[in-house]
Amino acid sequence: MVSELTIQRPNDMHLHLRDGDMLKAVTPHTSADFGRAIIMPNLVPPVTRTDHARAYHQRIMAAVPKGHAFDPMMTLYLTETTDIDDLVNGVKEGLIKAVKLYPAGATTNSDSGVRDVTKIMPVLEKMAEINLPLLVHGEVTTHEIDIFDREKVFIETVLDPLRQALPDLRVVMEHITTKDGADYAAAGNENLAATITTHHLIINRNHILVGGIKPHYYCLPVAKREEHRLALRKAATSGDPRFFLGTDSAPHTTSTKENACGCAGIYSSLNTMSCLTEVFEQEKALDKLEAFASLNGAAFYGLAPNPQKMRLVKQQEPVSYPATIEVGNETVTTFDPGYPLHWRVENLD
Ligand code: NCD
Ligand code: ZN
């Protein structure tokens, strides 16, 4: 039985750090365990221009504790009026690493998102030309489509036609939650990849709804049936280079989640690597953890693995993480996998 494992320092290829007090509170948890993270741009107002991203990058770096090797990889929020020259300059400067597409109204702070895909074709053509990845929140927002079907319908009606129209565009299907998503990504070419969160490998929709509503398990895309969770586990532990970790850690205060209209988002940065190792152990795939968490994502973005290493050590006594962290006068509730964690994380040089 394996009780110790050393992997290259991981990367989180989909992360929400927010701003202000929240940014200061959560950034150290990511920078402790991850060498890089793809930073989501859905602030209020969203990060739509290179100068916004540059200023945000500085605020993030100011929140990284001394001694943490951490590279926040900045993204721009795609709108129907994205300035192509500004984007190209941001890429040339080495600051902008990808562009995020939110269908308008799909999720938290997505009101400025895209309503009409034909309006963004010129930006997408430019991105295909300069090899800049498009990160998609893959859910339709048409009100007559059931929330549990929105990912599948997005793939059929938006993503697939888009990829056919622009085969050279590099696309990441962010936080896939369905077997349909996993199958579509696995059937794709080298221009397609998909991130998978830690929590979607652990919870299905029953965790949210059975025995009372559990707002801390609510996120978007919402967790689906068990068969989908199992398909995600298979994809994540397959070693297939198209699948990699994007935690989608998305902190909201406890009071805005435990609310009559609770926010979508799960805060998992603090204990993700311990949770994830447990999942890979359950799947008898500890040898695939490094590919999923540390190698595949970096490779898709054309980067070498981080030079540092992480050691994961299995211990008898459960590893404990705080159930909440403090942010100003509020708290943020940490993801609870629902079982004790036994893998301790040690960051090495
Ligand atoms: C994210 C957030 O809170 O910013 N919420 C979530 O449920 N994942 C937005 C997103 O990634 O959809
Ligand atoms: Zn997200």
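Our subject is the structure that appears above.
Quick caveat, the model's predicted, so the values are computed rather than measured. Per chain, residues are indexed from 1 in the order of the written sequence. Just so you know, chain letters begin at A and ligand numbers begin at 1, following the order they were written in. Given that this is a predicted model, residues contribute local features only at a pLDDT of at least 70 and side-chain atom pairs are listed and counted only at 80 or more, while totals for whole chains, interfaces and linings are drawn from all residues. To obtain the side-chain values, all non-hydrogen atoms of the structure were used and water was disregarded.

## Some words on the site of ligand 1
The condition is simple: The cutoff for a nearby residue is simple: one of its non-hydrogen atoms must lie within 4 Å of the molecule or strand. N or O atoms within 3.5 Å of each other form a polar contact, as long as, within protein, one can give a hydrogen and the other can take it, and as long as residues adjacent in sequence are counted only when both atoms are side-chain atoms. Each accessible area is a Shrake-Rupley estimate made with a 1.4 Å probe; only the visible protein chains count as cover when residues are assessed. Two kinds of site are reported from a 1 Å grid over the protein atoms alone, namely cavities, where a 1.4 Å probe fits but cannot get out, and pockets, open sets with protein on both sides within 12 Å along at least five of seven lines, and residues are called lining when an atom falls within 4 Å of a point. Think of it this way: if more than half of a molecule's atoms are within 2 Å of a pocket's grid points, that molecule is in the pocket or cavity. The classification used treats Ala, Val, Leu, Ile, Met, Phe, Trp, Tyr, Cys and Pro as nonpolar, Asp, Glu, Lys and Arg as charged, and all other residues, Gly among them, as polar.
The full set close to ligand 1 counts 15 residues, and Arg18, Asn42, Thr107, Leu220 and Asp248 are the nearest of them. In the environment of ligand 1, an oxygen atom lies 3.2 Å from a nitrogen or oxygen atom belonging to the side chain of Thr108. At 3.4 Å, a side-chain N or O of His137 approaches an oxygen atom of ligand 1. Burial of ligand 1 by the protein amounts to 100% of the accessible area it has alone, namely 320 Å². Because more than half of its atoms lie within 2 Å of the grid, ligand 1 is assigned to the largest cavity. Here the shell around ligand 1 is composed, by residue class, of four nonpolar, nine polar and two charged.

## A short note on the coordination of the zinc ion (ligand 2)
The line we're drawing: Atoms of type N, O and S within 2.8 Å of a metal are treated as its donors, and for Na, K and Ca the window is 3.2 Å; water is not considered, so some sites may appear to be missing partners. Any site counts as irregular unless it has four donors with all angles between 85 and 135 degrees, making it tetrahedral, or four or six donors with opposite ones more than 155 degrees apart and the rest between 65 and 115, making it square planar or octahedral.
Taken together, His14 (NE2), His16 (NE2) and Asp248 (OD) make up the full set of protein donors to the zinc ion (ligand 2), lying 2.0 to 2.1 Å away. Coordination geometry of the zinc ion (ligand 2): the four donor atoms subtend angles of 93 to 140° at the metal centre, consistent with an arrangement described as irregular.

## Topic: the layout of surface pockets
Note the following rule: Grid points are joined across faces, edges and corners, and a volume is the space filled by probe spheres set on the points.
Taken as a whole, the largest pocket spans an internal volume of roughly 180 Å³. Lining of the largest pocket is provided by Phe148, Ile208, Leu209, Ile213, Lys214, Pro215, Tyr218, Val222, Lys257, Asn259, Gly262 and Cys263. By residue class, the composition of the lining of the largest pocket is eight nonpolar, two polar and two charged.

## Remarks on the side chain of Asn271
To be explicit about the condition: What counts as a helix is a DSSP run of H or I of at least four residues, what counts as a strand is a run of E of at least two, and both are numbered from the N terminus. We call two residues in contact when some of their heavy atoms are within 4.5 Å.
Mapped onto the secondary structure, Asn271 falls in the loop between helix H9 (254–257) and helix H10 (272–282). When neighbours within four sequence positions are excluded, Asn271 is seen to be in contact with Tyr321, Thr334, Phe335, Pro337 and Leu341.

## Overview of helix H3 (residues 84–92)
For clarity, the cut-off: Relative accessible area decides the class of each residue, using a 1.4 Å probe on protein chains only: under 20% of the type maximum gives buried, over 50% gives exposed, and in between gives partly exposed.
Three or more residues of H3 are buried, namely Asp86, Leu87, Val88 and Gly90. Contact partners of the buried residues in H3: helix H2 (50–63), strand E4 (71–77), strand E5 (96–101) and helix H4 (121–130). Two residues or fewer past H3, Gly94 is found with a positive phi of approximately 90°.

## Topic: the state of the cysteines
Rule in force here: Counting rule for disulfides: a pair of cysteine sulfur atoms within 2.5 Å.
Taken as a whole and judged by the stated rule, the model has zero disulfides. With no disulfide of its own, Cys219 lies 13 Å from the sulfur of Cys263, the closest cysteine sulfur. Among the residues examined, Cys219 registers a relative accessible area of 1% and is labelled buried. Summary of cysteine pairing: Cys263 is not part of a disulfide, and the nearest cysteine sulfur, belonging to Cys261, is at 7.3 Å. In this structure Cys263 comes out as partly exposed when scored by relative accessible area, which is 25%.

## Some points on the packing of aromatic side chains
Rule in force here: Within 6.5 Å between ring centres, the rings of Phe, Tyr and Trp (the latter by its six-membered ring) count as paired, and their orientation is classed by plane angle as stacked under 30 degrees, edge-to-face over 60, tilted in between. Here, over-ring charges are defined by two tests on the NZ atom of lysine or the CZ atom of arginine: distance to the ring centre within 6 Å, and angle to the ring normal within 35 degrees.
This structure, assessed with the given rule, holds five aromatic pairs. Here Phe244 and Phe300 contribute two aromatic rings whose centre-to-centre distance is 5.9 Å and whose plane-to-plane angle is 40°, an arrangement assigned as tilted. Linking Phe244 in strand E9 (residues 243–245) with Phe300 in helix H11 (residues 289–300), this pair joins segments that are 56 residues apart in sequence. The same class applies to Phe244 and to Phe300, which are both buried. Ring pairs connect the aromatic residues Phe244, Phe300 and Tyr301, which therefore count as one cluster. The ring of Phe148 carries the charged tip of Arg205 above its face, separated from the ring centre by 4.7 Å.

## A short note on the environment of Lys152
Structurally, the position occupied by Lys152 is in helix H5 (residues 150–165). Under the relative-accessibility criterion, Lys152 is labelled partly exposed at 35%. Expressed as a C-alpha distance, the spacing of Lys152 and Asp180, which sit 28 residues apart in the sequence, is 6.1 Å. Among the polar contacts made by the side chain of Lys152, one reaches the side chain of Glu156 at a distance of 3.0 Å.

## Section: empty space enclosed by the protein
All told, the structure shown has three cavities of 30 Å³ or more when counted by the stated rule. By volume, the largest cavity amounts to about 120 Å³. Lining the largest cavity are 17 residues, and of these His16, Thr107, Leu220, Asp248 and Ala250 sit closest to its centre. Its residues assigned to classes, the lining of the largest cavity comprises six nonpolar, eight polar and three charged. By volume, the second largest cavity is sized at about 60 Å³. Lining the second largest cavity are Val136, Gly138, Glu139, Glu151, Phe154, Ile155, Leu159, Met173, Glu174, His175, Ile176 and Pro221. For the lining of the second largest cavity, the secondary-structure elements that each account for two or more residues are H5 and strand E7 (171–174). Looking at which element gives the most residues to the lining of the second largest cavity, the answer is H5, with four residues.

## Section: the sheet that holds strand E10 (residues 309–319)
Here is the rule we go by: The rule for pairing is simple: two strands pair if DSSP sees at least two bridges between them. For every element, the axis is a line fit to its C-alpha atoms; helices are fit only across the contacting stretch, and the angle between N-to-C directions ranges from 0 to 180 degrees.
With respect to topology, three strands assemble into an open sheet ordered E1-E10-E13, the strand pairing being antiparallel. Two strands bound the open sheet, and with one partner strand each, they are strand E1 (4–8) and strand E13 (341–348). If you compare each strand with its neighbour and ignore which way they point, the axes differ by 30° on average. Here five bridges tie E1 to E10, and the two strands are oriented antiparallel to one another. Following the sheet pairing, Ile7 is matched in E10 by Met310. Lying over the sheet, H11 contacts E1 and E10, oriented at roughly 25° with respect to E1.

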